Amino acid sequence: MPLPTPDATPCRPLSDATNVHPDSRAGCFTAAALPTPPQDVGCKRRIAQPDETPSKRHRVAIDQITEGFCEGSNVDMEDVEVVNSRTRRQTMLSLLGTASFRSPTVPARTILPSRRILQSFVSSHKSDVYTCHSLSNSHFVTLPYACAYSNATEEGSVMILNTSKRKDWEFESQRALFQPHYNGIFDIKWNLDDSVLATASGDKRTHITSVATQQVIQVLQGHSSTVKCVAWNPSHPDLLSTGSRDGNIYLWDLRVTTNDGNDGTSENASPLSPVMTIDAAHGQGKNKGGRRKATPLPRSVTGLLYSNPYTLVSCGMLNMWDLRQLKANATGKQTKKPVPTAPSCTSPTDPTMLHGARRARGLMSLCAGSGPTAGLLFVLGADNYIHAYDSSSLTPVESITHPNMLSSFYVRLAISPCGRWLASGCTTKNGSLFLYDVGNVGRLSFMVPPTTGVELRGQTGEVGAVDWATDTIASCADDKTVRVWRPDLDVYQDCIAHPEERVWEWSWSTNIHPN
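Report follows, based on the coordinates.

What counts as what
- Residues numbered from 1 in each chain as written.
- Predicted model: local features only at pLDDT ≥ 70, side-chain atom pairs only at ≥ 80, totals over all residues.
- Heavy atoms only, no water.
- Helix = DSSP H or I, 4+ residues; strand = E, 2+ residues; numbered from the N terminus.
- Buried < 20%, exposed > 50% of the residue type's maximum accessible area, 1.4 Å probe, protein only.
- Areas by Shrake-Rupley, 256 points an atom, 1.4 Å probe, with all protein chains shown as cover.
- Pairing = 2+ DSSP bridges.
- Axes fitted to C-alpha atoms, helices over the stretch in contact; angles between N-to-C directions.
- Salt bridge = Lys/Arg side-chain N within 4 Å of Asp/Glu carboxyl O.
- Disulfide = S-S within 2.5 Å.
- Polar contact = N/O pair within 3.5 Å; in protein donor to acceptor, adjacent residues only side chain to side chain.
- Contact = heavy atoms within 4.5 Å.

### Some details on the overall build of the chain
- Each helix and strand counted, the chain has 5 helices and 34 strands in total.
- The buried share among the 515 residues of the chain stands at 42%.
- Carbon together with sulfur atoms contributes 53% to the accessible area of the chain, which is approximately 29,500 Å² in total.

This is the structure in structure tokens:
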């Protein structure tokens, strides 16, 4: 059947029924033919005539009324109806949360500074201090080495603490204590569903422990030195990576079985082997001279994180690895030695030499930004600075520090879940913890205030491991305690007003580096 031409259209376009010819209409309409409203039905809102006085009052905004009073004009309030928009109470935290959803490259609009909130972090001597108990018969307490809202100690034990806020007279909640290693644990990470823990130890192994049974379910072995860091793949619960002081990065798949057919879940099973290796990830060190030519040792891998499921970032030196396209260096010669893997991207500038250092310093710890700091990497250097990098090109963006902050190989860095605040430990004997507002780091506006840190003192010795929760931060120190800090403006103001009395009950920020 030929298609009709435009001149022979089956229905007129301005018919009084939808897509139905008037001659073909029956007494009722079908679902495909909806009626048009009758002509004699008036509109819901009548249009006022030019010579007619409007019956509804004019509505103006509050700023228009204010502007009229400022100009000295008379406003008839009987003909004006003020309309208040539906609002809710805006606290400082809600304003900061609203301002956080902006790109870090916005040139003009900056995020409200929150240094005053960081200054209000306090910690109670009675309800916010946790002692790290030992499983050994020779001593009662032990040093905490790692923290991921569960604490790992130098003797290889793990403690899971409930740090919910409680009254000073309330008992501490029951803690879980187990020992997956018999050597110090230098890093600990929860998996995606918080069902297992991965612990990196000085015994050159990484253990996967079930939180429910507190038993080691898998053993990862392959490094020739202390395992310094571990990172879970963000998209797969069975994939993780480890970095060691031997300079190698190993990638593991927990689904792979060993040569004897065992999956490594029993005590007598053979340890799992890595499925992919990156040897000498940061190159070889230089010999210091001497009569005998010794083989230079590889540079350590001190930190790992996944920027996405296929990209791994390592520090010691800052390198980026594309796990889908690992390629070798182009040497042009056939050699019997394995060719080291080349990173997909490396930092073009070493920021540790930008502040008067004669030689390059190492990078100790790294973390990825989120929210207002999305697209940035924060790295703690041995030059006592925290360096911000662009995560795509590894280009240095900005460096921040505090006059009293000193870093070491054991000091860690952590960023808050909101992406606004950064925490760093310190190697001094004062037990200092440093907090930074990094929401405006990397922004191009000249109105951005300089980033200054807040120093919290409540422990003694070096503060190494730190970690954030939603509204709290935990710090581990050499005094064998874990201290939890919470924002409480009322308590902070009371401590400032009566320092001699409150020093026996609370710890708070110092005024050594004022705003």
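### Quick word on the sheet that holds strand S7 (residues 158-160)
- If you walk across this open sheet you meet the 4 strands as S5-S6-S7-S8, and the pairing is antiparallel. Every other strand in the sheet has two partners, leaving strand S5 (144-147) and strand S8 (176-178) as the edge strands with one partner each. The average undirected angle you get between the axes of adjacent strands in this sheet is 20°.
- Bridge count for S7 against S8 is 3 bridges, and the pairing is antiparallel. In the sheet register, Met 159 faces S8, and the bridge partner there is Leu 177.

### Here we look at the pattern of salt bridges
- For the structure shown, the criterion picks out 10 salt bridges.
- For Asp 488, the salt bridge is made with Lys 165, and the minimal N-O distance between the two is 3.7 Å. Of the two residues, Asp 488 sits in the loop between strand S33 (481-487) and helix H4 (489-497) while Lys 165 sits in the loop between S7 and S8, which places them 323 residues apart along the sequence.
- Take Lys 165: its relative accessible area is 62%, and that puts it in the exposed class.
- Asp 322 is the salt-bridge partner of Arg 324, the closest N and O atoms lying 3.2 Å from each other.
- The class of Arg 324 is exposed, set by a relative accessible area of 56%.
- Members of the salt-bridge network, linked through shared partners, are Asp 494, Glu 501 and Arg 502.

### Here's the deal with the state of the cysteines
- A full pass over the atoms with the stated rule returns 0 disulfides.
- Cys 229 supplies the cysteine sulfur nearest to Cys 315, a cysteine that is in no disulfide, at a spacing of 7.0 Å.

### A few points about the side chain of Ser 120
- By the element assignment, Ser 120 lies in the loop between helix H3 (115-119) and strand S3 (121-124).
- Looking at Ser 120, its side chain comes within polar contact range of the main-chain oxygen of Ile 117, at 2.6 Å.
- Each residue touching Ser 120, except ones within four places of it in the same chain, is listed here: Arg 486, Pro 487, Asp 488, Leu 489 and Tyr 492.

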